[in-house]
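This is what each chain is made of:
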Amino acid sequence: MTEFTKPALAGTAELCLPPHLRKPRLRRSEASEYLALAHGLSFKVSTLAKLIVTGGGPAVQYCNRSPLYPREELDRWAAEKIGPLCGSSSEREVTP
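Quick look at the structure, then. (Residues numbered from 1 in each chain as written. Predicted model: local features only at pLDDT ≥ 70, side-chain atom pairs only at ≥ 80, totals over all residues. Heavy atoms only, no water.)

1. Focus: unusual backbone geometry
And then number 1: The backbone of Asn64 sits at a positive phi, close to 60°, despite the residue not being glycine.
And then number 2: Mapped onto the fold, Asn64 is located in the loop between β2 (61-63) and β3 (66-70).
And then number 3: Residue class for Asn64 comes out exposed when judged on its relative accessible area of 75%. (Helix = DSSP H or I, 4+ residues; strand = E, 2+ residues; numbered from the N terminus. Buried < 20%, exposed > 50% of the residue type's maximum accessible area, 1.4 Å probe, protein only.)

Here you go:
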């Protein structure tokens, strides 16, 4: 079992993240990896880059020219993308 797939301790809900993903702000490639590990969402680095230009992506902060994704914003955005639990497809709220 690798460091990336190591499960959390039994009885805890804490995610075991690799050290490079524990920073408060992540670069774009790290943000893509974080979304996959923490939320099961597969967004390529190029997709995140496009969403900065077109809108609709997670909020970013800039350090000079480098976009940095706060982990809290990635979590908020992922929860928004996933949506609430539904008992059936007729309960699904579809947003335009």
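2. Concerning the sheet that holds strand β1 (residues 25-26)
And then number 1: Strand order in the open sheet formed by three strands is β1-β3-β2, and the pairing between neighbours is antiparallel. Because the sheet does not close on itself, it has two edges, and the strands there are β1 and β2.
And then number 2: Where β2 and β3 come together, three bridges link them in antiparallel fashion. Pairing of Gln61 across the sheet is with Leu68, part of β3. (Pairing = 2+ DSSP bridges.)

3. Thoughts on the packing of helix α1 (residues 28-39) against helix α2 (residues 45-54)
And then number 1: At a closest axis distance of 9 Å, the pairing of α1 and α2 adopts a crossing angle of 110°. Here α2 runs roughly perpendicular to α1, going by the angle between their axes. The interaxial crossing formed by α1 with α2 has right-handed handedness. The residues of α2 that touch α1, namely those facing Arg28, Ser29, Ala31, Ser32 and Leu35, are Val45, Leu48, Ala49 and Ile52.
And then number 2: Along the lines of polarity and charge, the residues of the contact of α1 with α2 split into six nonpolar, two polar and one charged. (Axes fitted to C-alpha atoms, helices over the stretch in contact; angles between N-to-C directions. Parallel < 35°, antiparallel > 145°, perpendicular 65-115°, else oblique. Left-handed = near helix turned anticlockwise from the far one by under 90°. Contact = heavy atoms within 4.5 Å. Nonpolar A, V, L, I, M, F, W, Y, C, P; charged D, E, K, R; others polar.)

4. What about the pattern of salt bridges?
And then number 1: In the structure shown here, the tally under the stated rule is three salt bridges.
And then number 2: Between Glu30 and Lys23 there is a salt bridge whose closest N-O contact spans 2.8 Å.
And then number 3: Residue classification places Lys23 among the partly exposed positions, given a relative accessible area of 34%.
And then number 4: In this structure, Arg76 engages Glu73 in a salt bridge whose closest nitrogen and oxygen atoms are separated by 2.9 Å. With Arg76 and Glu73 both in helix α3 (residues 71-82) and three residues apart, this pair spans about one turn of that helix.
And then number 5: Of the residues examined, Glu73 reaches a relative accessible area of 25% and is grouped as partly exposed. (Salt bridge = Lys/Arg side-chain N within 4 Å of Asp/Glu carboxyl O.)

5. Topic: the side chain of Ser32
And then number 1: Its place among the elements puts Ser32 in helix α1.
And then number 2: Looking at Ser32, its side chain comes within polar contact range of the main-chain oxygen of Phe43, at 2.5 Å.
And then number 3: In this structure Ser32 touches Phe43, Lys44, Val45 and Leu48, once residues within four positions along its chain are discounted. (Polar contact = N/O pair within 3.5 Å; in protein donor to acceptor, adjacent residues only side chain to side chain.)

6. Things to note about the nonpolar core
And then number 1: Counting 14 residues, the largest nonpolar core has Leu26, Ala31, Tyr34, Leu35, Phe43, Leu48 and Leu74 as the members making the most contacts within it.
And then number 2: When contributions to this core are tallied by element, the ones reaching two or more residues are α1, α2 and α3. (Core = buried A, V, L, I, M, F, W, Y, C linked by side-chain atoms within 4.5 Å.)

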